[in-house]
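Below are the chains, spelled out letter by letter.
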Amino acid sequence: MTLLASFAVGALVLAGCSSSSDDEQPASSAPTPVATPDGPGLADAVTEAAVVGHLEQLERIAIDNNGNRAAGTSGYDASVDYVVDELESAGFEVETPEFEFDQFTADTQSLSAPDRQFQVNALTYSPSTPGDGLTGRVVPAPKDDSPGCEATDYTGLDLAGAVVVVDRGVCPFGQKQTVAADLGAAAVLVVNNEPGPLDSGTLGGADVARIPSGGVSQEDGPAVAAAPELTLTLDTETTTTKSRNVIAQTKTGNAENVVVAGAHLDSVPEGPGINDNGSGTAAVLETALRMGSEPDVTNAVRFTFWGAEELGLVGSTKYVEGLSETDKANIALYLNFDMIGSHNAGYLAYDGDDSDKVGEPAGPPGSDAIERVFVQRLQQEGIAAEGTDFDGRSDYGPFIEVGIPAGGVFSGADETKTPEQATKWGGTADETFDQNYHTAEDTLANVDRAALAENASAVAYGIGTYAQSVEGQDGVPVGAARTEARSGE
Ligand SMILES: [Zn+2]
């Protein structure tokens, strides 16, 4: 252990020297794999110094590339190169499958009746109106159990050239738009069914988008529907972007019980993304380097680094969509790490069993065991972890959707730390876990080193534990039990 630790520090110093002297630098040679890559062995081997070393490199990449590492930018490409070089230096065969996706931006968004203005938000993928707007008489969709979801909802109404105003609910926005477009409507406005603006609606895809579509607040709904005519102006753009995931699997271990461990590699355009999600990236990467490409393990481990997470879990979604039924059946579980060194850190594990009874329900069978493994690991370290809602807001979402059990640790984002949590874990009560979330201040200087070190070891512990066994008390469904557990998906 002492030997391994001093080796890591030595490698770090070398990397530091070369980074200050030159712009192009070779990846540092990978650290020696641990002899026994089980949970405790790996947890000890993944050190704070090594993880911070990766974060220094990712921060340098952001600084050299306009301050960010967002999908579709040179900063992202450089991040991919860094992770690939590190993995290859440890003997991994690395794939960087490319995927395509549509990116949507809206500039002008306005809505006016003859006597007043309303706030409107373009539904994602909405086409633009003509530059000076689109004016039409208003046809409110009759109120029923599924407003505007079927053509029969508009029986007896003339939608030709009209601006249709329909309540949110029951069917997707894209379907409401398609029904109205089929009947000749010029535009559609969806009224929120809860207080506040409807500002994150989507038509679901560029292929679905046909007529300009926007969302208005529940408060404005009645006045919008009562207007004699409306002028809608939307200036939007949908562009096709490419990005890449990074995938590398151990050459050893059972490939029919694969342990997949992942972190998203992209940042938001607003900042360098060192906690979100350099931290998860660094921990998964260092675990891969310490495990090595040919570890003595029972189950194969697949290390994954996702692109375009910040644009809607795009990389992980494309990846899961591209898996064959056999590929999916061969994945035992998925471990996700997204933000593990938050400035005002919490110690949270995804609530796989829904014991907290908050938000979304429990994950697929086995998610409860994964939660237990991480909670127990932190407990051994003297930390009383809590659950965090299994809401699918990170790359485990697409995996649990197809029935693959998932879990991981998380140090919090824009949620507020309670006084009880501050007493238990330190930090500041009544402030968010990460005040730098999605800003230019998401830098290494603002990472909580103690949380980073503790959680990075927990990452390694979880991966090592399941690499040795996915069965037993803290196991996940295997063989026929897996088939049975996922049969409903
Ligand atoms: Zn993230």
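Residues numbered from 1 in each chain as written. Predicted model: local features only at pLDDT ≥ 70, side-chain atom pairs only at ≥ 80, totals over all residues. Heavy atoms only, no water.

**Quick notes on the pairing of strand E7 (residues 187–191)**
Put simply, side chains in a regular strand alternate between the two faces of the sheet. Counting buried positions over the five residues of E7 gives five, a clear majority of the element. Covered by surrounding structure in E7 are Ala187, Leu189 and Val191 together with Val188 and Val190, the residues of both alternating faces. In this region the chain leaves strand E6 (residues 163–167), passes through helix H5 (residues 173–182) and returns to the parallel neighbour E7; the handedness of that crossover is right-handed. Here E7 runs beside strand E8 (residues 213–216); their pairing, made up of four bridges, is parallel. Within E8, the residue paired with Val188 across the bridge is Ser213. (Buried < 20%, exposed > 50% of the residue type's maximum accessible area, 1.4 Å probe, protein only. Helix = DSSP H or I, 4+ residues; strand = E, 2+ residues; numbered from the N terminus. Right-handed = clockwise from strand over helix to strand, strands pointing away. Pairing = 2+ DSSP bridges.)

**Structural notes on the pattern of salt bridges**
Inspection of every chain in the model, using the stated rule, returns twelve salt bridges. The partner of Asp77 in a salt bridge is Arg244, with the nearest N and O atoms 3.2 Å apart. Linking Asp77 in helix H4 (residues 74–89) with Arg244 in strand E9 (residues 229–244), this pair joins segments that are 167 residues apart in sequence. Classification of Asp77 as partly exposed rests on a relative accessible area of 37%. Here Arg377 makes a salt bridge to Glu381, at a shortest N to O gap of 3.5 Å. With relative accessibility at 37%, the residue Glu381 sits in the partly exposed group. (Salt bridge = Lys/Arg side-chain N within 4 Å of Asp/Glu carboxyl O.)

**Considerations on the coordination of the zinc ion**
Protein ligation of the zinc ion involves His264 (NE2), Asp276 (OD), Asp338 (OD) and Asp338 (OD), the donor distances falling in the range 2.0 to 2.6 Å. Around the zinc ion, the four donor atoms are arranged such that angles at the metal cover 53 to 146°; this shape is classified as irregular. In the primary structure, the donors to the zinc ion are separated according to the pattern H-x11-D-x61-D. Placement of His264 in strand E11 (residues 254–264) and of Asp276 in helix H7 (residues 274–291) is noted, with a sequence separation of twelve residues between them. Each member of the pair, His264 together with Asp276, is buried. (Donors = N, O, S within 2.8 Å, 3.2 Å for Na, K, Ca; no water. Tetrahedral: all angles 85-135°; square planar, octahedral: opposite > 155°, others 65-115°.)

**Some details on the layout of surface pockets**
Over the atoms, a rolled probe matching the size of one water molecule traces out where space is still vacant. Approximately 740 Å³ is the volume found for the largest pocket. Along the wall of the largest pocket there are 23 residues; nearest its centre are Thr124, Tyr125, Thr202, Leu311 and Gly312. Mapped onto the domain boundaries, the lining of the largest pocket takes at least three residues apiece from domain 1 (39–97 + 245–485) and domain 2 (105–237). (1 Å grid on protein atoms, 1.4 Å probe; cavity = no way out; pocket = protein on both sides within 12 Å on 5 of 7 lines; lining within 4 Å. Points joined across faces, edges and corners; volume = space filled by probe spheres on them. Domains from an automatic or database assignment.)

**Regarding the packing of aromatic side chains**
Given two aromatic rings, their pairing is described by the distance between the two centres and the angle made by the two planes. Counted under the stated rule, the structure contains 13 aromatic pairs. Judged by centre distance (5.8 Å) and plane angle (85°), the rings of Phe92 and Phe303 are edge-to-face. Of this pair, Phe92 sits in the loop between H4 and strand E1 (94–95) while Phe303 sits in strand E12 (residues 299–306), and the two are 211 residues apart along the sequence. Each member of the pair Phe92 and Phe303 is classed as buried. Chaining the aromatic ring pairs together yields one cluster made of Trp306, Tyr319, Tyr334 and Phe399. (Phe/Tyr/Trp six-rings, centres within 6.5 Å; stacked < 30°, edge-to-face > 60°.)

**Focus on the state of the cysteines**
Simply put, disulfide is the name for a covalent bond between the sulfur atoms of two cysteines. Per the stated rule, a full pass over the model turns up one disulfide. Each sulfur of the disulfide joining Cys149 and Cys171 lies 2.1 Å from the other. On the S-S bond that ties Cys149 to Cys171, the torsion sits near -95°, and the link is left-handed. Here Cys149 is found in the loop between strand E5 (134–140) and E6, whereas its partner Cys171 is found in the loop between E6 and H5, with 22 residues between them in sequence. Take Cys149 and Cys171: they sit in the same class, and that class is buried. (Disulfide = S-S within 2.5 Å.)

**Here we look at the domain arrangement of the protein chain**
What the domain assignment reports for the protein chain is domain 1 (39–97 + 245–485) and domain 2 (105–237). Once you take the C-alpha centre of each, domain 1 and domain 2 turn out to be 39 Å apart.

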